[in-house]
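As a plain string of letters, each chain reads:
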Amino acid sequence: MNAMNTHYPEPTRIEPVNRHTLAVIVDNEPGALARIAGLFSGRGYNIESLTVSETEEARHISRITIVTTGTNAVIDQIKAQLDRLVPVHRVVDLTLQGQALERELCLVKVVGLGEHRSEALRLAAAFGARTLDATLNSFVFELTGSTEEIDRFIRLLTVIGLVEISRTGIAAMARGSEPL
């Protein structure tokens, strides 16, 4: 029995689920990304955003930016398991280092005539989006910004005639002069 001498179980403690941005430095070799993605899928963790690119060509090093959610214990477990993978050199939780700079690129295609067309141009100008392509009945806009800003832009364009979206995922870097 528990401390209050009752047969009822202790209430389940619910921990908050937080969003974390992880920067992972890996060898740029075949299968490295598959091993990392397999670690997440094999344990039932979700990847909300994933970006990868070679950052040091001479040393064949890539940087993977992963956005995931979980309790503090789950995030700690993810970081520890990533650290044990062979191609991984370093895992840094940018969320714990303070306000990291996060940006995402988005391309959106809007189709419309008349007032919808001019409203799409007004919204693009208000958000600072560039027009990459224009036809008599469509536009393709490019917007770089925070995930929240891009989400707002997409929500507003949805009522005007949004037909296609392509997003890059988050690229992130810690503030200040210290390197990763």
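Definitions and limits used
Residues numbered from 1 in each chain as written. Predicted model: local features only at pLDDT ≥ 70, side-chain atom pairs only at ≥ 80, totals over all residues. Heavy atoms only, no water. Helix = DSSP H or I, 4+ residues; strand = E, 2+ residues; numbered from the N terminus. Rg over C-alpha atoms; globule rule 2.2 N^0.38 Å. Buried < 20%, exposed > 50% of the residue type's maximum accessible area, 1.4 Å probe, protein only. Contact = heavy atoms within 4.5 Å. Areas by Shrake-Rupley, 256 points an atom, 1.4 Å probe, with all protein chains shown as cover. Lys, Arg positive; Asp, Glu negative; His and termini not counted. Charge placed at Lys NZ, Arg CZ, Asp CG, Glu CD. Axes fitted to C-alpha atoms, helices over the stretch in contact; angles between N-to-C directions. Parallel < 35°, antiparallel > 145°, perpendicular 65-115°, else oblique. Nonpolar A, V, L, I, M, F, W, Y, C, P; charged D, E, K, R; others polar. 1 Å grid on protein atoms, 1.4 Å probe; cavity = no way out; pocket = protein on both sides within 12 Å on 5 of 7 lines; lining within 4 Å. Points joined across faces, edges and corners; volume = space filled by probe spheres on them. Pairing = 2+ DSSP bridges. UniProt positions renumbered as here; feature names shortened; annotations may be inferred. Salt bridge = Lys/Arg side-chain N within 4 Å of Asp/Glu carboxyl O.

A. Representation of the overall build of the protein chain in the model. Along the protein chain, the regular secondary structure elements total four helices and eight strands. Its helices and strands in sequence order give the protein chain the pattern β-α-β-β-α-β-β-α-β-β-α-β, from N to C terminus. For a compact globule of 180 residues, the expected C-alpha radius of gyration is about 16 Å, and the protein chain comes in at 21 Å, more than 25% above that figure. When burial is assessed residue by residue, the protein chain has 37% of its 180 residues classed as buried. Excluding contacts between residues fewer than 6 apart, the proportion of contacts in the protein chain whose partners are at least 24 apart in sequence is 71%. By element, 54% of the accessible surface of the protein chain is carried by carbon and sulfur atoms, the whole surface being about 11100 Å². If you average the places of the 18 positive and of the 22 negative side-chain charges in the protein chain, the two averages end up 1 Å apart.

B. Inspection of the packing of helix α3 (residues 115-127) against helix α4 (residues 147-158) at higher detail. Interaxial distance between α3 and α4 falls to 11 Å at its minimum, and their mutual angle equals 170 degrees. Put simply, α3 runs roughly antiparallel to α4. Of the residues in α4, those in contact with Ala120, Leu123, Ala124 and Phe127 of α3 are Glu149, Arg152, Phe153, Leu156 and Leu157. By residue class, the composition of the contact of α3 with α4 is seven nonpolar, no polar and two charged.

C. Summary view of the layout of surface pockets. In this model, the largest pocket occupies a volume close to 160 Å³. What lines the largest pocket is Arg63, Arg90, Leu94, Gln97, Met173, Ala174, Arg175, Glu178, Pro179 and Leu180.

D. Expanded view of the sheet that holds strand β3 (residues 61-70). Read across the sheet, four strands follow the order β2-β3-β1-β4 without closing on themselves; strand pairing throughout is antiparallel. The open sheet is flanked by β2 (47-56) and β4 (88-93), the only strands paired with a single partner. Between one strand axis and the next, the sheet turns by 20 degrees as a mean value, whatever way the strands run. Pairing geometry for β2 and β3, over eight bridges, is antiparallel. Bridge pairing in β3 links Glu56 to Ile61. Sheet strands in contact with helix α2 (residues 72-84) are β1 (18-27), β3 and β4, and its direction is about 160 degrees off that of β4.

E. Representation of unusual backbone geometry in the model. Non-glycine residue His60 carries a positive phi angle of around 55 degrees. In this structure, His60 sits in the loop between β2 and β3. Among the residues examined, His60 registers a relative accessible area of 45% and is labelled partly exposed.

F. Focus on the UniProt feature "domain: ACT" (unreviewed entry) in the protein chain. Mapped onto this structure's residue numbering, the UniProt feature "domain: ACT" (unreviewed entry) falls at residues 21-96. Measuring from the first to the last C-alpha atom of residues 21-96 gives 9 Å, for a span that is 32% helix and 43% strand.

G. Focus on the pattern of salt bridges. Enumeration according to the criterion identifies eleven salt bridges in this entry. Measuring nitrogen to oxygen at the nearest pair gives 2.7 Å for the salt bridge that ties Glu56 to Arg59. Arg130 is the partner of Glu142 in a salt bridge, and the nearest nitrogen-oxygen pair spans 3.1 Å. With Glu142 in strand β7 (residues 138-145) and Arg130 in strand β6 (residues 130-134), the pair connects residues that are twelve residues apart, well separated along the chain. Classification of Arg130 as exposed rests on a relative accessible area of 52%.

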